[in-house]
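What follows is each chain in one-letter form.
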Amino acid sequence: MNILILGGGGREHALAWAVSQNPKCDKLIVAPGNAGIAQIATCATLNAEDPAAVVQFAEAEAIDLVIIGPEAPLAAGVADRLREAQIPVFGPNAAAARLEASKSFTKEICDAVGAPTAAYARFTDAEPAKAYIREQGAPIVVKADGLAAGKGVIVAMEVDEALAAIDDMFGGAFGAAGAEVVIEEFMTGEEASFFVLVDGEDVLPVGTAQDHKRVGEGDTGPNTGGMGAYSPAPIMDASVTDKALEEIVRPTMAEMARRGMPYSGVLYVGLMIEDGQPRLVEYNVRFGDPECQVLMLRLGAQALDLIQACAESRLSEVTVNWADDHAMTVVMAAEGYPGSYVKGTEIKGLDAIENDSMNVVFHAGTKAEGGKVLATGGRVLNVTARGESLQEARDRAYAMVDRVEWPEGFCRRDIGWRQLQR
Ligand code: AMP
Ligand code: GLY
């Protein structure tokens with residue numbers, strides 16, 4: 001079959017890596033792709049957020065399945081138009097993508113089904129929002145309602161910080177995404193990411209992971225898109241997983257169907273777990289990045305069978321074959337990230353690093369130019385390894401990190417620390 005993947009980060013490299021190993025995959029195109037993806041697929045230029053352009057491209061290339069990596073094309077209605085054109089697509093329609101694109105929408109759905117999550121209030125004006133913050137006190141969480149590239153959430157430890165966030169959001173710092181603000185109770189506990197495939201009715205768990213959002217070791221410093229992840233997340237034991245499915249995921253999916261916007265695609269369930277009880281932090285309508293990298297290394301070629309079954313509403317016919325393994329990915333980022341960073345520095349040594357079913361360097365922000373690999377983004381490489389234990393996966397991943405010659409890059413040296421200490 002001919003497959004088109006939309007996106008060009010580490011998540012899409014991991015998807016392309018897994019999909020390309022499945023014998024069913026004849027032609028693989030990734031738009032826009034990156035230097036790593038170019039080694040295993042054809043990279044194409046295409047405006048992934050323009051539904052008509054994507055449909056036209058898919059028809060011209062006789063594409064049998066479109067896999068949408070990031071949230072922006074989903075929110076723009078790319079999946080809707082592909083479905084109208086009867087091109088199988090992995091990813092929800094725009095109406096269902098509101099589970100990520102609107103935090104107040106998700107809160108309303110949680111209310112409707114009684115799913116455990118943080119208490120909240122929503123505001124469209126600064127003064128009542130500030131009065132609410134003063135009344136509630138800190139810590140408190142302020143969120144721009146819409147998509148803000150992962151930057152629209154302020155976890156304020158002091159009231160003043162929360163008040164400043166209100167001024168920023170209503171002052172236009174997040175554009176239209178900040179026209180409405182959700183203020184939430186601060187939840188304590190440990191976070192985990194739970195991934196399920198959904199085809200409207202059926203829900204199939206495809207793995208758990210733990211991300212490391214802060215830039216600094218020991219989980220300090222500003223938030224990032226994620227500095228490293230590992231899978232599975234042992235905190236998601238059978239009981240927590242069951243509660244997450246029965247109290248949160250299935251009721252949400254049933255409510256979406258009842259409202260005439262059935263969900264289809266991968267659902268990323270961000271959870272806060274305390275005393276064995278999961279509460280919803282957020283939904284995302286896509287795989288996490290870098291969580292996808294560890295899931296794909298563990299799933300391998302079967303990922304395509306699962307994704308295809310999801311796109312064709314045949315999830316009840318498939319099962320996941322799990323190996324009893326562990327995977328870790330370490331993000332290498334450009335010095336300065338998540339603030340401003342230099343672009344265009346050269347990365348050497350990648351060709352000498354093993355590349356097999358246990359060890360892969362996924363590329364995120366890279367491009368190939370004149371035989372060199374250049375860093376073009378903030379998060380640049382995802383050094384990923386698999387092992388029989390988390391310790392083994394970790395040791396392999398860092399051994400590869402040490403072979404990457406990139407003086408302008410850095411990584412956290414403590415990915416997995418919480419779990420490795422236990
Ligand atoms: P979100 O984009 O909603 O995932 O928020 C980004 C991060 O902010 C989450 O991964 C959590 O670490 C933190 N966060 C969000 N909401 C809350 C909350 N209500 N209580 C505590 N931490 C939160
Ligand atoms: N790694 C967090 C995310 O993809 O949203």
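Under an unreviewed UniProt entry, the protein has the name Phosphoribosylamine--glycine ligase and belongs to Donghicola eburneus. UniProt lists a comment for the protein under the heading Pathway (unreviewed entry), and it reads "Purine metabolism; IMP biosynthesis via de novo pathway; N(1)-(5-phospho-D-ribosyl)glycinamide from 5-phospho-alpha-D-ribose 1-diphosphate: step 2/2." In its Catalytic activity (unreviewed entry) section, UniProt records this for the protein: "5-phospho-beta-D-ribosylamine + glycine + ATP = N(1)-(5-phospho-beta-D-ribosyl)glycinamide + ADP + phosphate + H(+)".

Q: When you look at the layout of surface pockets in this model, what are you seeing that I'm missing?
A: A water-sized probe rolled over the atoms picks out the places where empty space is left. What the second largest pocket holds in volume is close to 390 Å³. Considering the residues around the second largest pocket, the lining is formed by 22 residues, among which Gln39, Leu350, Asp351, Asn355 and His363 are closest to the centre. Contributing elements (two or more residues each) for the lining of the second largest pocket: helix H1 (10-20), strand E18 (346-347), strand E19 (359-363) and strand E21 (372-375). Of the residues in the lining of the second largest pocket, the class split is 8 nonpolar, 9 polar and 5 charged.

Q: What exactly am I supposed to notice about the sheet that holds strand E6 (residues 120-123) here?
A: Strand pairing in a sheet relies on backbone hydrogen bonds. The paired strands run either parallel or antiparallel. The strand order across the open sheet formed by 4 strands is E6-E9-E7-E8, and the pairing between neighbours is antiparallel. Strands with a single pairing partner mark the edges of an open sheet, and in this sheet they are E6 and strand E8 (153-156). Along the sheet, successive strands turn relative to each other by an average axial angle of 20 degrees, direction set aside. Sitting on the sheet, helix H7 (residues 126-136) is in contact with E6, strand E7 (140-144) and strand E9 (181-185), with an inclination near 160 degrees to E6. Strand contacts of helix H8 (residues 159-170): E6, E7, E8 and E9, with the helix running at about 5 degrees to E7, the strand carrying the most contacts.

Q: What's the story with unusual backbone geometry in this structure? I'm lost.
A: Where the residue is not glycine, phi is negative for most of them; where a peptide bond is considered, it is trans in most cases. Omega for the bond connecting Ala138 with Pro139 falls within 30 degrees of zero, at -5 degrees, which places this linkage in the cis form. Structurally, Pro139 is set in the loop between H7 and E7. Of note, the bond from Tyr337 into Pro338 is cis; its omega dihedral lies within 30 degrees of zero at 10 degrees. For Asp219, which is not glycine, the phi torsion reads 60 degrees and is therefore positive. Mapped onto the secondary structure, Asp219 falls in the loop between strand E12 (214-216) and strand E13 (220-223). Residue Asp219 is classed as partly exposed on the basis of its relative accessible area, which comes to 23%.

Q: So what exactly am I meant to see when it comes to the environment of Ile273 here?
A: Locating Ile273 in the fold gives a position in strand E15 (residues 264-274). Residues Ile273 and Glu191, 82 residues apart in the sequence, show an inter-C-alpha distance of 6.1 Å. Leaving out residues up to four positions away in the same chain, Ile273 has contacts with Gly189, Glu190, Ala192, Ile235, Met236, Val240 and Pro278.

Q: Explanation requested: the pattern of salt bridges in the structure shown.
A: Side-chain pairing between opposite charges can occur once the charged atoms of the two side chains come close. Applying the stated criterion across every chain yields a total of 29 salt bridges. Its salt-bridge partner being Asp219, residue Arg418 comes within 2.8 Å of it at the nearest N-O pair. Within this pair, whereas Arg418 is found in helix H13 (residues 417-421), its partner Asp219 is found in the loop between E12 and E13, the two being separated by 199 residues in sequence. A single network of salt bridges, built from pairs that share partners, joins Glu108, Glu255, Arg258 and Arg259.

Q: What exactly am I supposed to notice about the side chain of Arg11 here?
A: With respect to the element layout, Arg11 can be found in helix H1. Only 2.8 Å separates the side chain of Arg11 from the side chain of Glu12, close enough to count as a polar contact. Of note is the side chain of Arg11, whose polar atom sits 2.8 Å from the backbone oxygen of Phe287. Setting aside anything within four residues of it in sequence, one finds Arg11 in contact with Gly69, Pro70, Arg286, Phe287, Gly288, Asp289, Cys292 and Gln293.

Q: How do you make sense of the site of ligand 2 when you look at a structure like this?
A: Close to ligand 2 lie Asp211, Gly225, Tyr268, Asn284, Arg286, Gly288, Asp289, Pro290 and Glu291. Within the contact set of ligand 2, a nitrogen atom lies 2.8 Å away from a side-chain nitrogen or oxygen of Asp211. A distance of 2.9 Å separates a nitrogen atom of ligand 2 from a polar atom in the side chain of Glu291. For ligand 2, whose unbound accessible area comes to 200 Å², protein coverage reaches 87%. Counted by class, the shell around ligand 2 contains 2 nonpolar, 3 polar and 4 charged residues.

Q: Explain the side chain of Arg386 to me, please; I cannot follow it from the model alone.
A: In this fold, Arg386 is placed in strand E22 (residues 379-387). Classification of Arg386 by relative accessible area gives buried; the value is 14%. Among residues more than four places away in sequence, those in contact with Arg386 are Leu297, Arg298, Asp325, His326, Ala327, Ser357, Met358, Ala393 and Arg396.

Q: When you look at the packing of aromatic side chains in this model, what are you seeing that I'm missing?
A: Here a ring pair, both rings aromatic, is described through the centre-centre distance and the interplanar angle of the planes. Counted under the stated rule, the structure contains 6 aromatic pairs. With centroids separated by 5.8 Å and ring planes inclined at 80 degrees, the aromatic side chains of Trp17 and Phe362 adopt a geometry described as edge-to-face. Here Trp17 is found in helix H1, whereas its partner Phe362 is found in strand E19, with 345 residues between them in sequence. For the pair formed by Trp17 and Phe362, the shared burial category is buried. Grouped by ring-pair contacts, the aromatic residues Phe90, Phe195, Tyr268 and Phe287 constitute a single cluster.

Analysis parameters
- Residues numbered from 1 in each chain as written.
- Chains lettered and ligands numbered in written order.
- Predicted model: local features only at pLDDT ≥ 70, side-chain atom pairs only at ≥ 80, totals over all residues.
- Heavy atoms only, no water.
- UniProt positions renumbered as here; feature names shortened; annotations may be inferred.
- 1 Å grid on protein atoms, 1.4 Å probe; cavity = no way out; pocket = protein on both sides within 12 Å on 5 of 7 lines; lining within 4 Å.
- Points joined across faces, edges and corners; volume = space filled by probe spheres on them.
- Helix = DSSP H or I, 4+ residues; strand = E, 2+ residues; numbered from the N terminus.
- Nonpolar A, V, L, I, M, F, W, Y, C, P; charged D, E, K, R; others polar.
- Pairing = 2+ DSSP bridges.
- Axes fitted to C-alpha atoms, helices over the stretch in contact; angles between N-to-C directions.
- Contact = heavy atoms within 4.5 Å.
- Buried < 20%, exposed > 50% of the residue type's maximum accessible area, 1.4 Å probe, protein only.
- Salt bridge = Lys/Arg side-chain N within 4 Å of Asp/Glu carboxyl O.
- Polar contact = N/O pair within 3.5 Å; in protein donor to acceptor, adjacent residues only side chain to side chain.
- Near = heavy atom within 4 Å.
- Areas by Shrake-Rupley, 256 points an atom, 1.4 Å probe, with all protein chains shown as cover.
- Phe/Tyr/Trp six-rings, centres within 6.5 Å; stacked < 30°, edge-to-face > 60°.

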